[in-house]
Amino acid sequence: MIKLPEDGNITGRDIGEAEMTLLKQVIESGTLNATKGTMVKKFTKTFAETYGVAHCHATTSGTASIHTALAVVNPEPGDEVISTPITDMGGITPILYQNAVPVFADVDPYTLNITADTIEPRLTKRTKAIIVVHLFGKPADMDPIMALSRKYNIPVIEDCCQAYFAEYKGRKVGTIGHIGCFSLQQGKHMTTGEGGMVVTNDPDMERRARLFIDKAWGYGDPRPDHYFLALNYRMTEFQGAVAYAQLGKVRKVVENRRRTALKLTDMLKGIKGLYLPESTPDSVHVYWKYPLIIDTDHFGHDVMEFSAELKSKGIFSAPRYIQKPAFMCEVLRDKRTYGRSNCPYDCPKRDGEKEIVYDTKSYPGTMKALEHVLVLPWNEFYTDEHVGYIAQSIKDVIKGFGK
Ligand SMILES: *Cc1c(COP(=O)(O)O)cnc(C)c1O
(Lines give C-alpha, C1' and ligand atoms only; values in the text may rest on other atoms or scores of the structure.)
Protein backbone atom coordinates (compact mmCIF):
# COMPACT_ATOMS: atom_id res chain seq x y z
CA MET A 1 0.00 0.00 0.00
CA ILE A 2 1.15 3.51 -0.88
CA LYS A 3 0.69 6.68 1.19
CA LEU A 4 -0.63 9.52 -0.98
CA PRO A 5 0.27 13.20 -0.37
CA GLU A 6 -2.59 15.07 1.35
CA ASP A 7 -3.54 18.75 1.18
CA GLY A 8 -4.20 18.84 4.94
CA ASN A 9 -0.50 18.77 5.83
CA ILE A 10 3.01 19.31 4.48
CA THR A 11 2.97 16.06 2.44
CA GLY A 12 0.68 17.74 -0.07
CA ARG A 13 1.37 21.46 0.38
CA ASP A 14 4.32 23.48 -0.90
CA ILE A 15 4.81 25.81 2.07
CA GLY A 16 8.36 26.67 3.14
CA GLU A 17 11.23 29.12 2.75
CA ALA A 18 9.51 31.65 0.48
CA GLU A 19 6.54 31.97 2.86
CA MET A 20 8.84 32.10 5.90
CA THR A 21 11.00 34.89 4.46
CA LEU A 22 8.01 37.12 3.66
CA LEU A 23 6.33 36.36 6.99
CA LYS A 24 9.53 37.39 8.76
CA GLN A 25 9.47 40.69 6.85
CA VAL A 26 5.92 41.31 8.02
CA ILE A 27 6.78 40.57 11.65
CA GLU A 28 9.88 42.77 11.53
CA SER A 29 7.97 45.64 9.92
CA GLY A 30 5.52 45.69 12.83
CA THR A 31 2.66 46.36 10.39
CA LEU A 32 0.25 43.43 10.52
CA ASN A 33 -2.74 45.18 8.96
CA ALA A 34 -3.24 45.63 5.23
CA THR A 35 -4.44 49.23 5.45
CA LYS A 36 -0.89 50.41 6.15
CA GLY A 37 1.00 47.31 5.02
CA THR A 38 2.49 46.38 1.66
CA MET A 39 2.10 42.58 1.38
CA VAL A 40 -1.63 42.32 0.66
CA LYS A 41 -1.31 45.17 -1.84
CA LYS A 42 1.65 43.48 -3.53
CA PHE A 43 -0.25 40.19 -3.64
CA THR A 44 -3.51 41.58 -5.08
CA LYS A 45 -1.68 43.70 -7.67
CA THR A 46 0.41 40.73 -8.81
CA PHE A 47 -2.58 38.37 -8.83
CA ALA A 48 -4.51 40.79 -11.06
CA GLU A 49 -1.53 41.06 -13.44
CA THR A 50 -0.93 37.31 -13.49
CA TYR A 51 -4.60 36.58 -14.00
CA GLY A 52 -5.12 39.24 -16.65
CA VAL A 53 -7.86 41.15 -14.85
CA ALA A 54 -8.05 44.85 -14.00
CA HIS A 55 -8.79 44.62 -10.26
CA CYS A 56 -8.29 42.18 -7.39
CA HIS A 57 -9.16 42.63 -3.73
CA ALA A 58 -8.28 40.26 -0.91
CA THR A 59 -10.81 38.99 1.65
CA THR A 60 -10.84 36.65 4.64
CA SER A 61 -12.35 33.62 2.84
CA GLY A 62 -14.05 32.29 -0.25
CA THR A 63 -17.34 32.78 1.58
CA ALA A 64 -16.44 36.43 2.23
CA SER A 65 -15.60 36.81 -1.46
CA ILE A 66 -18.99 35.49 -2.54
CA HIS A 67 -20.63 37.74 0.05
CA THR A 68 -18.70 40.70 -1.33
CA ALA A 69 -19.79 39.88 -4.89
CA LEU A 70 -23.44 39.77 -3.77
CA ALA A 71 -23.08 43.04 -1.89
CA VAL A 72 -21.75 44.54 -5.13
CA VAL A 73 -24.87 43.34 -6.94
CA ASN A 74 -26.94 44.78 -4.05
CA PRO A 75 -30.24 42.91 -4.45
CA GLU A 76 -33.48 44.22 -2.93
CA PRO A 77 -34.78 42.10 -0.01
CA GLY A 78 -36.67 39.15 -1.45
CA ASP A 79 -34.89 39.22 -4.82
CA GLU A 80 -33.56 35.94 -6.18
CA VAL A 81 -30.08 34.64 -6.95
CA ILE A 82 -29.53 31.52 -9.03
CA SER A 83 -26.91 29.02 -7.88
CA THR A 84 -26.13 25.30 -7.96
CA PRO A 85 -27.24 22.65 -5.45
CA ILE A 86 -23.81 20.99 -5.66
CA THR A 87 -21.28 23.34 -4.10
CA ASP A 88 -19.72 24.48 -0.85
CA MET A 89 -22.29 26.06 1.50
CA GLY A 90 -20.01 29.10 1.67
CA GLY A 91 -21.10 29.83 -1.89
CA ILE A 92 -24.78 29.90 -0.90
CA THR A 93 -25.35 31.36 2.58
CA PRO A 94 -24.06 34.82 1.55
CA ILE A 95 -27.15 35.04 -0.71
CA LEU A 96 -29.31 34.88 2.43
CA TYR A 97 -27.05 37.36 4.25
CA GLN A 98 -27.81 39.88 1.51
CA ASN A 99 -31.52 39.13 2.03
CA ALA A 100 -31.93 37.40 -1.31
CA VAL A 101 -33.47 33.97 -1.89
CA PRO A 102 -31.30 31.17 -3.30
CA VAL A 103 -32.92 29.57 -6.33
CA PHE A 104 -31.25 26.48 -7.73
CA ALA A 105 -30.67 25.45 -11.30
CA ASP A 106 -30.23 21.74 -11.96
CA VAL A 107 -26.78 20.42 -12.91
CA ASP A 108 -25.59 18.40 -15.86
CA PRO A 109 -25.21 14.87 -14.40
CA TYR A 110 -21.80 14.37 -16.06
CA THR A 111 -20.03 17.71 -15.45
CA LEU A 112 -21.98 18.57 -12.26
CA ASN A 113 -22.12 22.19 -13.46
CA ILE A 114 -25.24 24.28 -14.09
CA THR A 115 -25.98 25.20 -17.72
CA ALA A 116 -27.88 27.91 -19.60
CA ASP A 117 -30.61 25.32 -20.26
CA THR A 118 -31.11 24.63 -16.55
CA ILE A 119 -30.76 28.28 -15.52
CA GLU A 120 -33.25 29.84 -17.94
CA PRO A 121 -36.43 28.17 -16.61
CA ARG A 122 -35.54 29.43 -13.09
CA LEU A 123 -35.27 33.08 -14.08
CA THR A 124 -38.00 35.43 -12.84
CA LYS A 125 -38.38 39.18 -12.84
CA ARG A 126 -36.75 39.09 -9.40
CA THR A 127 -33.55 37.30 -10.45
CA LYS A 128 -30.67 39.65 -9.67
CA ALA A 129 -27.57 37.46 -10.16
CA ILE A 130 -26.38 34.07 -11.38
CA ILE A 131 -23.57 32.35 -9.48
CA VAL A 132 -21.71 29.89 -11.69
CA VAL A 133 -19.44 27.39 -9.93
CA HIS A 134 -16.69 25.72 -11.95
CA LEU A 135 -16.92 22.53 -9.93
CA PHE A 136 -13.76 20.50 -9.28
CA GLY A 137 -11.88 22.83 -11.65
CA LYS A 138 -13.97 22.08 -14.75
CA PRO A 139 -15.19 25.27 -16.48
CA ALA A 140 -18.95 25.59 -16.87
CA ASP A 141 -20.18 26.21 -20.42
CA MET A 142 -19.99 30.02 -20.20
CA ASP A 143 -20.94 31.28 -23.69
CA PRO A 144 -24.64 30.34 -23.46
CA ILE A 145 -24.72 31.52 -19.83
CA MET A 146 -23.28 34.93 -20.79
CA ALA A 147 -25.82 35.11 -23.63
CA LEU A 148 -28.58 34.69 -21.01
CA SER A 149 -26.88 37.31 -18.86
CA ARG A 150 -26.98 39.80 -21.74
CA LYS A 151 -30.51 38.88 -22.81
CA TYR A 152 -31.97 39.44 -19.33
CA ASN A 153 -29.38 41.93 -18.07
CA ILE A 154 -28.39 39.83 -15.05
CA PRO A 155 -24.80 39.90 -13.73
CA VAL A 156 -22.82 36.66 -13.50
CA ILE A 157 -20.64 35.86 -10.49
CA GLU A 158 -18.09 33.13 -11.17
CA ASP A 159 -17.14 30.97 -8.17
CA CYS A 160 -13.56 29.95 -9.03
CA CYS A 161 -12.64 28.61 -5.59
CA GLN A 162 -11.88 25.22 -7.16
CA ALA A 163 -10.78 26.50 -10.56
CA TYR A 164 -7.63 28.66 -10.42
CA PHE A 165 -6.36 29.22 -13.98
CA ALA A 166 -8.99 26.98 -15.56
CA GLU A 167 -9.74 28.16 -19.10
CA TYR A 168 -12.84 28.35 -21.24
CA LYS A 169 -12.19 28.99 -24.94
CA GLY A 170 -8.85 30.61 -24.16
CA ARG A 171 -10.18 32.82 -21.35
CA LYS A 172 -9.50 32.29 -17.67
CA VAL A 173 -12.54 31.55 -15.56
CA GLY A 174 -13.33 34.46 -13.27
CA THR A 175 -12.73 36.96 -16.09
CA ILE A 176 -15.69 35.89 -18.27
CA GLY A 177 -18.54 36.93 -15.97
CA HIS A 178 -18.79 40.24 -14.09
CA ILE A 179 -17.06 39.23 -10.85
CA GLY A 180 -14.81 36.27 -10.02
CA CYS A 181 -14.41 34.82 -6.52
CA PHE A 182 -11.55 32.74 -5.11
CA SER A 183 -10.75 30.95 -1.85
CA LEU A 184 -7.36 30.50 -0.18
CA GLN A 185 -8.60 27.86 2.27
CA GLN A 186 -6.20 25.02 3.18
CA GLY A 187 -7.27 22.64 0.42
CA LYS A 188 -7.39 24.96 -2.60
CA HIS A 189 -4.78 25.25 -5.41
CA MET A 190 -3.06 27.98 -3.41
CA THR A 191 -3.58 28.63 0.29
CA THR A 192 -3.09 30.91 3.25
CA GLY A 193 -5.08 28.60 5.55
CA GLU A 194 -8.07 30.91 5.17
CA GLY A 195 -8.50 33.80 2.77
CA GLY A 196 -9.94 34.77 -0.58
CA MET A 197 -10.09 37.25 -3.44
CA VAL A 198 -12.58 38.97 -5.72
CA VAL A 199 -11.63 40.07 -9.23
CA THR A 200 -13.42 42.26 -11.74
CA ASN A 201 -12.82 44.41 -14.81
CA ASP A 202 -15.70 46.76 -13.96
CA PRO A 203 -14.58 49.97 -12.18
CA ASP A 204 -17.93 50.52 -10.42
CA MET A 205 -18.01 46.95 -9.17
CA GLU A 206 -14.39 47.29 -8.08
CA ARG A 207 -15.21 50.34 -5.97
CA ARG A 208 -18.19 48.74 -4.29
CA ALA A 209 -16.23 45.53 -3.57
CA ARG A 210 -13.32 47.49 -2.07
CA LEU A 211 -15.72 49.45 0.11
CA PHE A 212 -17.71 46.41 1.27
CA ILE A 213 -14.52 44.63 2.41
CA ASP A 214 -13.63 47.60 4.61
CA LYS A 215 -16.80 48.82 6.36
CA ALA A 216 -17.63 50.96 3.34
CA TRP A 217 -15.28 53.66 4.57
CA GLY A 218 -14.23 55.88 1.68
CA TYR A 219 -10.45 55.89 2.16
CA GLY A 220 -8.82 58.55 0.03
CA ASP A 221 -12.09 60.30 -0.82
CA PRO A 222 -12.29 64.07 -0.22
CA ARG A 223 -15.07 63.65 2.37
CA PRO A 224 -14.97 60.01 3.43
CA ASP A 225 -17.85 58.42 5.33
CA HIS A 226 -19.29 54.95 5.98
CA TYR A 227 -21.38 54.92 2.82
CA PHE A 228 -23.50 51.78 3.26
CA LEU A 229 -23.97 48.57 5.30
CA ALA A 230 -20.72 46.62 5.16
CA LEU A 231 -18.39 44.40 7.18
CA ASN A 232 -14.69 43.98 7.82
CA TYR A 233 -13.40 41.27 5.49
CA ARG A 234 -9.82 42.57 5.34
CA MET A 235 -7.00 40.08 4.91
CA THR A 236 -4.04 40.36 7.30
CA GLU A 237 -0.46 41.02 6.19
CA PHE A 238 0.44 37.50 7.38
CA GLN A 239 -2.00 36.08 4.85
CA GLY A 240 -0.78 38.57 2.26
CA ALA A 241 2.80 37.37 2.73
CA VAL A 242 1.89 33.70 2.39
CA ALA A 243 -0.45 34.43 -0.53
CA TYR A 244 2.28 36.29 -2.40
CA ALA A 245 4.69 33.38 -1.94
CA GLN A 246 1.99 30.90 -2.98
CA LEU A 247 1.24 32.92 -6.10
CA GLY A 248 4.77 32.19 -7.27
CA LYS A 249 3.95 28.48 -7.16
CA VAL A 250 0.33 28.15 -8.25
CA ARG A 251 0.92 27.77 -11.97
CA LYS A 252 3.29 24.87 -11.31
CA VAL A 253 0.63 23.40 -8.99
CA VAL A 254 -1.95 23.61 -11.78
CA GLU A 255 0.47 22.17 -14.33
CA ASN A 256 1.40 19.20 -12.11
CA ARG A 257 -2.22 18.44 -11.28
CA ARG A 258 -3.15 18.54 -14.96
CA ARG A 259 -0.26 16.36 -16.07
CA THR A 260 -0.97 13.58 -13.58
CA ALA A 261 -4.76 13.79 -13.97
CA LEU A 262 -4.48 13.41 -17.74
CA LYS A 263 -2.22 10.42 -17.08
CA LEU A 264 -4.91 8.80 -14.93
CA THR A 265 -7.49 9.50 -17.63
CA ASP A 266 -5.23 7.72 -20.13
CA MET A 267 -4.89 4.72 -17.84
CA LEU A 268 -8.65 4.42 -17.20
CA LYS A 269 -9.80 5.20 -20.74
CA GLY A 270 -12.00 2.55 -22.30
CA ILE A 271 -13.16 0.93 -19.05
CA LYS A 272 -16.87 0.26 -19.49
CA GLY A 273 -19.08 1.99 -16.90
CA LEU A 274 -16.66 4.81 -16.02
CA TYR A 275 -17.17 8.39 -17.21
CA LEU A 276 -13.93 10.36 -16.85
CA PRO A 277 -13.56 14.14 -16.43
CA GLU A 278 -12.88 15.74 -19.80
CA SER A 279 -10.27 18.37 -20.52
CA THR A 280 -10.18 19.79 -24.05
CA PRO A 281 -8.34 22.75 -25.59
CA ASP A 282 -11.70 24.56 -25.35
CA SER A 283 -12.15 23.76 -21.69
CA VAL A 284 -9.01 23.43 -19.58
CA HIS A 285 -9.79 21.45 -16.41
CA VAL A 286 -7.47 22.18 -13.43
CA TYR A 287 -8.42 19.15 -11.32
CA TRP A 288 -9.05 20.47 -7.85
CA LYS A 289 -10.37 16.93 -7.47
CA TYR A 290 -10.74 14.06 -9.92
CA PRO A 291 -14.44 13.13 -10.12
CA LEU A 292 -15.37 9.71 -11.52
CA ILE A 293 -18.93 9.14 -12.68
CA ILE A 294 -19.72 5.50 -12.12
CA ASP A 295 -22.41 3.46 -13.84
CA THR A 296 -23.49 1.68 -10.67
CA ASP A 297 -26.05 -0.47 -12.54
CA HIS A 298 -23.30 -1.86 -14.74
CA PHE A 299 -21.04 -2.67 -11.79
CA GLY A 300 -23.87 -3.83 -9.49
CA HIS A 301 -22.30 -1.82 -6.65
CA ASP A 302 -22.96 1.74 -5.46
CA VAL A 303 -20.41 4.53 -4.98
CA MET A 304 -20.29 3.84 -1.22
CA GLU A 305 -19.11 0.28 -1.91
CA PHE A 306 -16.64 1.56 -4.50
CA SER A 307 -15.27 4.02 -1.96
CA ALA A 308 -14.99 1.40 0.81
CA GLU A 309 -12.97 -0.87 -1.51
CA LEU A 310 -10.65 2.00 -2.44
CA LYS A 311 -10.22 2.91 1.22
CA SER A 312 -8.97 -0.60 1.96
CA LYS A 313 -6.20 0.23 -0.53
CA GLY A 314 -5.35 3.53 1.18
CA ILE A 315 -7.28 5.82 -1.23
CA PHE A 316 -9.72 8.11 0.59
CA SER A 317 -12.39 9.15 -1.92
CA ALA A 318 -15.63 11.08 -1.34
CA PRO A 319 -18.66 9.14 -2.58
CA ARG A 320 -21.60 11.50 -3.41
CA TYR A 321 -19.24 14.49 -2.77
CA ILE A 322 -21.54 16.66 -0.55
CA GLN A 323 -23.99 13.79 0.18
CA LYS A 324 -27.17 15.79 -0.48
CA PRO A 325 -28.17 18.84 -2.51
CA ALA A 326 -27.52 22.12 -0.67
CA PHE A 327 -31.26 22.86 -0.48
CA MET A 328 -31.77 19.72 1.63
CA CYS A 329 -29.40 21.00 4.34
CA GLU A 330 -31.29 22.19 7.44
CA VAL A 331 -30.44 25.86 7.02
CA LEU A 332 -32.23 26.00 3.65
CA ARG A 333 -34.76 23.20 4.08
CA ASP A 334 -36.12 24.69 7.33
CA LYS A 335 -35.31 28.29 6.37
CA ARG A 336 -33.27 28.89 9.54
CA THR A 337 -32.27 32.45 8.89
CA TYR A 338 -33.17 35.54 10.94
CA GLY A 339 -34.91 34.75 14.24
CA ARG A 340 -38.11 32.90 13.45
CA SER A 341 -38.98 35.15 10.52
CA ASN A 342 -37.97 32.74 7.70
CA CYS A 343 -36.78 35.91 5.95
CA PRO A 344 -35.93 36.47 3.19
CA TYR A 345 -38.17 33.60 2.00
CA ASP A 346 -41.21 34.99 3.84
CA CYS A 347 -40.09 38.58 3.53
CA PRO A 348 -43.01 41.04 3.21
CA LYS A 349 -41.11 42.41 0.20
CA ARG A 350 -41.90 39.11 -1.50
CA ASP A 351 -45.62 39.68 -1.19
CA GLY A 352 -47.45 38.12 -4.10
CA GLU A 353 -44.35 36.28 -5.26
CA LYS A 354 -44.42 32.55 -5.90
CA GLU A 355 -43.31 30.52 -2.85
CA ILE A 356 -39.88 28.96 -3.21
CA VAL A 357 -40.19 25.18 -2.90
CA TYR A 358 -37.12 22.99 -2.95
CA ASP A 359 -38.14 19.59 -4.26
CA THR A 360 -35.69 16.88 -5.27
CA LYS A 361 -38.10 15.86 -8.07
CA SER A 362 -37.22 19.10 -9.87
CA TYR A 363 -33.53 18.19 -9.84
CA PRO A 364 -33.05 14.92 -11.75
CA GLY A 365 -29.53 15.89 -12.89
CA THR A 366 -28.45 16.70 -9.35
CA MET A 367 -29.87 13.52 -7.84
CA LYS A 368 -28.32 11.42 -10.59
CA ALA A 369 -24.95 13.18 -10.23
CA LEU A 370 -24.77 12.65 -6.47
CA GLU A 371 -25.74 9.01 -6.81
CA HIS A 372 -22.99 8.31 -9.32
CA VAL A 373 -20.09 10.58 -8.43
CA LEU A 374 -16.99 9.31 -6.63
CA VAL A 375 -14.54 12.13 -5.97
CA LEU A 376 -10.88 11.18 -5.87
CA PRO A 377 -8.57 13.51 -3.95
CA TRP A 378 -6.00 15.12 -6.22
CA ASN A 379 -2.67 16.74 -5.46
CA GLU A 380 0.24 18.54 -7.11
CA PHE A 381 2.73 16.15 -5.48
CA TYR A 382 1.30 13.02 -7.06
CA THR A 383 4.03 11.17 -8.95
CA ASP A 384 3.68 8.75 -11.83
CA GLU A 385 3.99 5.99 -9.23
CA HIS A 386 1.04 7.41 -7.24
CA VAL A 387 -1.08 7.69 -10.38
CA GLY A 388 -0.17 4.16 -11.42
CA TYR A 389 -1.19 2.93 -7.98
CA ILE A 390 -4.54 4.79 -8.12
CA ALA A 391 -5.29 3.42 -11.60
CA GLN A 392 -4.37 -0.13 -10.60
CA SER A 393 -6.45 0.11 -7.42
CA ILE A 394 -9.52 1.21 -9.40
CA LYS A 395 -9.01 -1.64 -11.86
CA ASP A 396 -8.60 -4.10 -8.96
CA VAL A 397 -11.83 -2.88 -7.35
CA ILE A 398 -13.64 -3.35 -10.64
CA LYS A 399 -12.17 -6.82 -11.06
CA GLY A 400 -13.26 -7.61 -7.49
CA PHE A 401 -16.80 -6.67 -8.56
CA GLY A 402 -16.52 -9.32 -11.30
CA LYS A 403 -16.36 -6.80 -14.19
C1 LIG B 1 -14.01 26.40 -0.79
C2 LIG B 1 -15.19 26.88 -1.53
C3 LIG B 1 -15.97 27.96 -1.09
C4 LIG B 1 -15.78 28.60 0.26
O5 LIG B 1 -14.49 29.03 0.52
P6 LIG B 1 -14.03 29.23 2.06
O7 LIG B 1 -12.68 29.87 1.89
O8 LIG B 1 -13.98 27.89 2.68
O9 LIG B 1 -14.99 30.14 2.69
C10 LIG B 1 -17.00 28.40 -1.89
N11 LIG B 1 -17.27 27.81 -3.07
C12 LIG B 1 -16.57 26.76 -3.52
C13 LIG B 1 -16.92 26.16 -4.83
C14 LIG B 1 -15.52 26.24 -2.75
O15 LIG B 1 -14.84 25.19 -3.19
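Residues numbered from 1 in each chain as written. Predicted model: local features only at pLDDT ≥ 70, side-chain atom pairs only at ≥ 80, totals over all residues. Heavy atoms only, no water.

1. Some details on the sheet that holds strand 5 (residues 156–159)
Sheet architecture is open: 7 strands sit in the order 1-9-8-5-4-2-3, paired in mixed fashion. Each having just a single partner strand, strand 1 (55–59) and strand 3 (101–104) make up the two edges of the open sheet. With direction set aside, neighbouring strand axes in the sheet form an average angle of 25°. Bridging between strand 1 and strand 9 (residues 196–200) involves 5 bridges; their strand directions are antiparallel. Among the inter-strand pairings, C56 is bridged to a residue of strand 9, identified as V199. Packed on one face of the sheet, helix 2 (residues 39–51) meets strand 1, strand 8 (179–183) and strand 9 and runs near 135° to strand 1. Strands in contact with helix 6 (residues 142–152) are strand 4 (127–133) and strand 5; relative to strand 5, the strand with the most contacts, it is inclined by about 150°. (Pairing = 2+ DSSP bridges. Helix = DSSP H or I, 4+ residues; strand = E, 2+ residues; numbered from the N terminus. Axes fitted to C-alpha atoms, helices over the stretch in contact; angles between N-to-C directions. Contact = heavy atoms within 4.5 Å.)

2. Concerning the nonpolar core
Among the nonpolar cores identified, the biggest contains 66 residues, and I119 and M142 are the most heavily contacted of them. No other element matches the 7 residues that helix 3 (residues 62–73) contributes to this core. Setting aside its immediate chain neighbours within four residues, I119 contacts I82, A105, I114, I130, I145 and L148. Within the second largest apolar cluster, 27 residues are counted, among which are L274, F299, L374 and I398. (Core = buried A, V, L, I, M, F, W, Y, C linked by side-chain atoms within 4.5 Å. Buried < 20%, exposed > 50% of the residue type's maximum accessible area, 1.4 Å probe, protein only.)

3. Quick notes on the packing of helix 2 against helix 8 (residues 237–247)
When two helices pack together, their arrangement is captured by the angle between the axes and the distance separating the axes. Where helix 2 contacts helix 8, the axes come no closer than 7 Å and their chain directions differ by 35°. Every pair of crossing elements has a handedness; the one defined by helix 2 and helix 8 is left-handed. Touching M39, V40, K42, F43, T46, F47 and T50 of helix 2 are E237, G240, A241, A243, Y244 and L247, all from helix 8. (Left-handed = near helix turned anticlockwise from the far one by under 90°.)

4. Here's the deal with the side chain of N379
Within the secondary structure layout, N379 lies in the loop between strand 14 (373–377) and helix 14 (384–400). A distance of 2.8 Å separates a polar atom in the side chain of N379 from the backbone nitrogen of F381. In this structure, N379 is in contact with P5, E6, D7, G12, R257 and T260, ignoring residues within four places of it in sequence. (Polar contact = N/O pair within 3.5 Å; in protein donor to acceptor, adjacent residues only side chain to side chain.)

Everything listed is a geometric property; what it means functionally is a separate question.
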